[in-house]
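Structural description and commentary
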Amino acid sequence: MAESAEPLSGFFARHKTAFNDIEQLQQAAVALHKSNVCVWCVLRFLGFELGSVYQQQTDIAAKLKLSNTNDSPCVACLGILNYDLADQVVSKYREQQFDATDVVIGIELPKSVVVRHRSMQLYCSSNKIPVLSDMVDIKDAIKYMISQQLSRQCDIHVVGESGMRIDLVFIHSESSSECQFLVKQDISRNRRNANGDSRTTIVNELAACSDEKFLASFTSPPPAISTAARLETIAFKRASLFVGGRYLKLERNVSQTPFIIDGRRVTEFSVSEIIGEPLKLLTRCDSYNLVGSGREDADVRMLGDGRPFYLECINPRTTQLEQQQIHDIEHNLKQTNSPVQVRQLQLIKPEDTKVIKEGEENKTKHYCALVWFANQLSEEKLEEINKMGQKEIVLQQKTPIRVLHRRAPLTRPKKILSLKVVHIRGRFYKASIESEAGTYIKEFVHGDLGRTVPSLAQMANETADIFELDVEKVSLDFPPS
């Protein structure tokens, strides 16, 4: 917004019909100021544009003949515009060391501010003080105050849309009950309002409340206050940073995410921590969340070209990264012989992550299982099983017993797309299996007490169990090249 070198002359040029001369403007300003309204709010109510005039308060106050006798907090802004708010925000922002270039500011004010604004409007009306339609909103004034300091001290600009956000929440206990007459009015209309005394309820009821009813419950101008509103929280929130790739799990007894039961870890390592911790250090994020294209059990290895995944870095301080920095994490895992390796690790866009979710039902998986049968299979039986495995096998698979505590008891149709069983020695066999996503392979092998039909055990007419299982391939085109 353009700033005027001559605030008063510039103001009259824009508002010729509201104020005839400087004397009338001074009278209006003095009347507002005497009602315990601060200089910021005097300028807001009189319609001064945000700009240099707000940074020259001593000079403009003298020109408007305003005294400096107001010791109590402003009744309109609850004192919010009259303390070192901008310095607090700048100080906190510097502590966080975000590398953002722009920011959005969100503000939550005490609900009493909207009631007091209505009261001030009525006060202006009764005292023939023109309230201009383009008066500055208190939130815009706060944003302007902060934006000047952020730009000057941190080289960061306040904009309408940004991946970086600063949220400010103000509270004021002294005026917290001032909205109650509007809530009672709502109840008296026999409305079922689930929002109670929410801001939306207050604004709506205020709009529906006549001036007479308002003045019967609230004074004009607003009553004086002895304490200013307090900035309860300053929260810095940044859009997540996403890193995608494919992971290999070369050892067993590594869970995909931390495996904790009753406060005790079941596995020492997890895929998400091995990949996430170095990324957390690099991006200085609050936390992270790994999302894989499915998951293998802790005792199952993930081989081949790996499982597609993305890792969400939540509220990162550093987002301006070079691909080499990401590649270094991949290289370091390899150099340290980590049980988890990554391939094609790269920064990805938020919209790229939908491939992981959409691929859950479409991808296929290839497995290699070490299977034991109670008795060695005959050549004829083995040939029979492999012939059946050349065609699609439709399973009716009930939720496995081992996951019933966390999954709904349903029967799901699943497909085995190919099956080949090769004898190793004795009663041990290698089973190569291709299946659609979501198939429980362990249960397909042993039958889960008849809960998966048909099963490899049923096809062989022998008791079967699975000793080891590896995922050899997840057919999903990810990450984007």
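Structure: see above.
All of the points below concern the structure found in this document. Please read these numbers as outputs of a predicted model, since none were measured by experiment.

**Examining the overall build of the protein**
On a plain count of helices and strands, the protein comes out with 16 helices and 18 strands. Against the globule reference of 23 Å for 481 residues, the protein gives a C-alpha radius of gyration of 34 Å, more extended than a compact globule. Taken along its principal axes, the extent of the C-alpha atoms in the protein is 110 × 55 × 40 Å. Across the 481 residues that make up the protein, the buried fraction comes to 47%. Just so you have it, the protein exposes about 24300 Å², and 48% of that area is on carbon and sulfur atoms. Between the averaged position of the 60 positive side-chain charges in the protein and that of its 61 negative side-chain charges there is a distance of 4 Å.

**Details of the environment of E462**
With respect to the secondary-structure elements, E462 resides in the loop between α16 (456–460) and β18 (464–475). Here E462 falls in the partly exposed class, since its relative accessible area comes to 22%. It is 8.5 Å that separates the C-alpha atoms of E462 and L377, two residues lying 85 residues apart in sequence. Those residues in contact with E462, other than ones at most four positions away along the chain, are F373, A374, N375, L377 and A457.

**Some remarks on the pairing of strand β10 (residues 287–292)**
Of the two faces of β10, the one lined by Y288, L290 and G292 is fully buried and the one lined by S287, N289 and V291 carries no buried residue. Of the pairings in the sheet, the one linking β10 to strand β11 (residues 301–314) comprises six bridges and is antiparallel in character. The partner of S287 across the bridge, within β11, is I314.

**So, the environment of H172**
Residue placement: H172 occurs in the loop between β3 (164–171) and α8 (180–188). Owing to a relative accessible area of 6%, H172 belongs among the buried residues under this scheme. Remark: the alpha-carbon pair of H172 and H446, spanning 274 residues in sequence, is separated by 65 Å. Contacts of H172, omitting those with residues within four sequence positions, involve L78, P110, I225, T227, A228 and A229.

**With respect to the pairing of β11**
The side chains of a regular strand alternate, residue by residue, between the two faces of the sheet. The sheet contact formed by strand β5 (residues 241–249) and β11 spans eight bridges and is antiparallel. Bridge pairing in β11 links V243 to L311. Judged from the two bridges that link them, β11 and β18 form a sheet pairing that is parallel. Opposite M302, over in β18, you have V471 as the bridge partner.

**Here we look at helix α9 (residues 199–208)**
Looking only at α9, the buried set comprises T201, I202, E205 and L206. Buried residues of α9, seen end-on, are gathered within an arc of 125° and therefore sit on one face of the element.

**Points about the packing of helix α6 (residues 112–126) against α9**
Where α6 contacts α9, the axes come no closer than 9 Å and their chain directions differ by 20°. Between α6 and α9, the angle falls in the class roughly parallel. Remark: the crossing between α6 and α9 carries right-handed chirality. Across from V114, V115 and R118 in α6, the residues of α9 making contact are R199, I202 and L206.

**Digging into unusual backbone geometry**
Glycine aside, negative phi is the norm for most residues, and most peptide bonds take the trans geometry. The amide bond that connects V453 to the next residue, P454, takes the cis arrangement and shows omega of -10°. Residue F478 is joined to P479 through a cis peptide bond whose omega torsion reads 0°. Tracing the backbone through its elements, the reader meets P479 in the segment after β18. Despite not being glycine, R284 has its phi angle at roughly 55°, a positive value. Assignment of secondary structure puts R284 in the loop between α11 (271–283) and β10. R284 sits in the partly exposed class, given a relative accessible area of 32%.

**Digging into the packing of aromatic side chains**
Tallied over the entire structure, the rule returns eleven aromatic pairs. Geometrically, the ring pair formed by Y93 and F236 is tilted, given 6.0 Å between the ring centres and 55° between the ring planes. Linking Y93 in helix α5 (residues 85–96) with F236 in strand β4 (residues 230–238), this pair joins segments that are 143 residues apart in sequence. One exposure class covers both Y93 and F236, and it is buried. Put simply, the rings of Y93, F98 and F236 touch in pairs and so form one group of aromatic residues. When the ring centre of F214 is taken as origin, the NZ or CZ atom of R118, which lies over that ring, is 5.2 Å away.

Conventions adopted
- Residues numbered from 1 in each chain as written.
- Predicted model: local features only at pLDDT ≥ 70, side-chain atom pairs only at ≥ 80, totals over all residues.
- Heavy atoms only, no water.
- Helix = DSSP H or I, 4+ residues; strand = E, 2+ residues; numbered from the N terminus.
- Rg over C-alpha atoms; globule rule 2.2 N^0.38 Å.
- Buried < 20%, exposed > 50% of the residue type's maximum accessible area, 1.4 Å probe, protein only.
- Areas by Shrake-Rupley, 256 points an atom, 1.4 Å probe, with all protein chains shown as cover.
- Lys, Arg positive; Asp, Glu negative; His and termini not counted.
- Charge placed at Lys NZ, Arg CZ, Asp CG, Glu CD.
- Contact = heavy atoms within 4.5 Å.
- Pairing = 2+ DSSP bridges.
- Arc of directions from axis to C-beta.
- Axes fitted to C-alpha atoms, helices over the stretch in contact; angles between N-to-C directions.
- Parallel < 35°, antiparallel > 145°, perpendicular 65-115°, else oblique.
- Left-handed = near helix turned anticlockwise from the far one by under 90°.
- Phe/Tyr/Trp six-rings, centres within 6.5 Å; stacked < 30°, edge-to-face > 60°.
- Lys NZ or Arg CZ within 6 Å of the ring centre and 35° of its normal.

Geometric values such as these leave the question of function open.
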